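# Examining the three-dimensional arrangement
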Amino acid sequence: MIKKIKFVANLIITIAPIVLILLPINFFDYGQAVCLSKRLANMECYACGMTRATMYFIHFDFANAWFYNKLSFIVVPMLVPLWLKAVFELQGKKLPGILGKLT
């Protein structure tokens, strides 16, 4: 059962960036905020705008990514090794090199 859950999780992690790249760059620009601090206290937290910033980052629009959330320049590169790990685990392999030891 745990192997099945891990497989589904790795499959979702592998497919998610591909789907986000296929979506239009401004897909998340409109609509209400779902952030609790924004909705309840009307204050922005450090993660506000991260989804939009990530979309702009993966579409190589770095100026807008910086505008929406500066932390995306730290978060998105940190997600790449996790994505690679999921891709390798779907193939039944271990991530090679130092990344395999770190993740």
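One can find the structure itself at the top, above this paragraph.
In short, a report on the structure. (Residues numbered from 1 in each chain as written. Predicted model: local features only at pLDDT ≥ 70, side-chain atom pairs only at ≥ 80, totals over all residues. Heavy atoms only, no water.)

### Remarks on the side chain of Thr14
Keep this limit in mind: A run of DSSP states H or I qualifies as a helix once it reaches four residues; a run of E qualifies as a strand once it reaches two. Both are numbered from the N-terminal end. Burial classification: accessible surface area is computed with a 1.4 Å probe over protein chains only, and a residue below 20% of its type maximum counts as buried, one above 50% as exposed, and the rest as partly exposed. A 3.5 Å cut-off defines polar contacts: any pair of N or O atoms within that distance qualifies, except that in protein one atom must be a possible hydrogen donor and the other a possible acceptor, and neighbouring residues in sequence count only when both atoms are side-chain atoms. Throughout, a residue-residue contact means that at least one pair of heavy atoms, one from each residue, lies within 4.5 Å.
Mapped onto the secondary structure, Thr14 falls in helix H1 (residues 2-22). Looking at Thr14, the relative accessible area reads 13%, which means it is buried. At a separation of 2.7 Å, a polar atom in the side chain of Thr14 contacts the main-chain carbonyl oxygen of Asn10. Excluding anything up to four places from it in sequence, Thr14 contacts Trp83, Ala86, Val87 and Leu90.

### Comments concerning helix H3 (residues 50-58)
Listing the buried residues of H3 in full gives Met50, Ala53, Thr54, Met55, Tyr56 and Phe57. Buried residues along H3 sit against H1, helix H4 (62-68) and helix H5 (72-90). Downstream of H3 by one or two residues, Phe60 has phi in the positive range, about 65°.

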